[in-house]
Each structure stands twice: as structure tokens, then as C-alpha cells.
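One letter stands for each residue in the lines below.
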Amino acid sequence: MSTATEERYRTFEAFYPFYLTEHVNTVSRRLHVIGTSLVIVCLVLGLVRDWRFFVAAPLVGYGFAWIGHFVFEKNRPATFKYPLYSLMGDFRLWFEVVTARRKF
């Protein structure tokens, strides 16, 4: 049985402002961007070098992100409640930072 809070975000556009409130600490945001960048590198290396980089990708990405949450933000990652929206948020945040639309 699901509660109203679990169903609070029905769209990514509704979720993303919440995602940003969970990433206000500069160090945490930077760790997310670094982790997402390393995920992209792992995916490329998985294609051109060795399939084991595919295994490393989520470990690297979540490792950096979760350090940001538990150590700097002092909150629980949204991944636990909203795994797909959270992943989409990571890539949108990464894109906004690398295109200078959001402060690093």
C-alpha cells in the first residue's frame, strides 16, 4: 500500500525542484558532477575497452553522490524513493553545470 508522500512526484518536472533542494551544499553538488562525469567515462570505456567498466559505473557514480549526501548534505539520497527521477536529476544537474547554466 502506498502513501501520498511516496506518490508526491508524478513527473520529473515536478521532482526536479525538490532534487535541487536536496543538493544545496556546494561540495555535494561538486561530488555529484564529478561522479556523473566518471560514470560517463566508465560507460565509454566499457564500450571501447572492457565490459567491467560498466560494472564500475554505478559504483563510482553512487559512491561520490552518497558521500555528498551523507557527509555534506546530511540527508538521505532521493535515489531510495525516486530512483529513475534521481538518476535523471543527476544527469540534468551535470548538464546544467557543464553548460554553465548552474554554478559548480
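All values reported here derive from a predicted model rather than from experimental measurement.

Undergrad: So, a nonpolar patch on the surface: which residues are in play, and what are the values?
TA: A surface patch of nonpolar side chains, about 850 Å² in accessible area, is lined by Leu 43, Val 44, Leu 47, Val 48, Trp 51, Phe 54, Val 55 and Leu 59. Looking at the nonpolar patch, the elements that each hand over two or more residues are α2 (26-48) and α3 (52-73). Among the elements that take part in the nonpolar patch, α2 stands out by supplying four residues, more than any other. Inspection of the secondary structure puts Val 44 in helix α2.

Undergrad: Explain unusual backbone geometry to me, and be specific about the residues and the numbers.
TA: Within the chain, Lys 74 stands out as a residue other than glycine whose phi angle is a positive 60 degrees. With respect to the helices and strands, Lys 74 occurs in the loop between α3 and α4 (83-98). Taking relative accessible area as the criterion, Lys 74 reaches 65% and is therefore assigned exposed. One non-glycine residue, Ala 100, adopts positive backbone phi at about 60 degrees.

Undergrad: Account for the packing of helix α1 (residues 12-21) against α4, with residues named and values stated.
TA: Axis separation between α1 and α4 bottoms out at 10 Å; the angle between their running directions is 70 degrees. The pairing of α1 with α4 is recorded here as roughly perpendicular in orientation. As for how α1 packs across α4, the hand of that crossing is right-handed. Seen from α1, the contacting residues are Phe 12, Glu 13, Phe 15, Tyr 16, Tyr 19 and Leu 20; seen from α4, they are Tyr 85, Ser 86, Met 88, Gly 89, Asp 90, Arg 92, Leu 93 and Glu 96.

Undergrad: Go over the environment of Ala 57, please, and point to the residues and values.
TA: Note on placement: Ala 57 falls in helix α3. Aside from chain neighbours lying at most four places away, what touches Ala 57 is Val 39, Cys 42 and Leu 43.

About the cut-offs
- Starting from 1, residues in each chain are numbered consecutively following that chain's sequence as written.
- Totals for whole chains, interfaces and linings use every residue, but because this is a predicted model, local features are given only for residues with pLDDT of at least 70 and side-chain atom pairs only at 80 or more, for both listing and counting.
- Side-chain figures throughout are based on the complete set of non-hydrogen atoms in the structure, without hydrogens or water.
- Grouping into patches uses exposed residues only, defined as over 30% relative accessible area, and leaves out salt-bridged ones; the cut-off is 9 Å for like charges and 5 Å for nonpolar side chains (Val, Leu, Ile, Met, Phe, Trp, Tyr).
- Here the accessible surface of atoms and residues is derived via Shrake-Rupley with a 1.4 Å probe, and residues count as covered only by protein chains that are part of the display.
- Any carboxyl oxygen of Asp or Glu that lies within 4 Å of a side-chain nitrogen of Lys or Arg is treated as forming a salt bridge with it.
- Put simply, DSSP H or I for four residues or longer makes a helix, DSSP E for two residues or longer makes a strand, and each gets a number counted from the N terminus.
- With a 1.4 Å probe rolled over the protein chains alone, any residue whose accessible area is under 20% of its type maximum counts as buried; one over 50% counts as exposed, and the rest are partly exposed.
- As a rule, the C-alpha atoms of each element are fitted with a line to give its axis, helices using only the stretch in contact, and angles between N-to-C directions run from 0 to 180 degrees.
- Orientation labels follow simple angle bins: below 35 degrees gives roughly parallel, above 145 gives roughly antiparallel, 65 to 115 gives roughly perpendicular, and whatever is left gives oblique.
- Each crossing is labelled by how the near helix is turned from the far one, with a counterclockwise turn of less than a right angle marking it left-handed and a clockwise turn marking it right-handed.
- Two residues form a contact once any of their heavy atoms are found within 4.5 Å.

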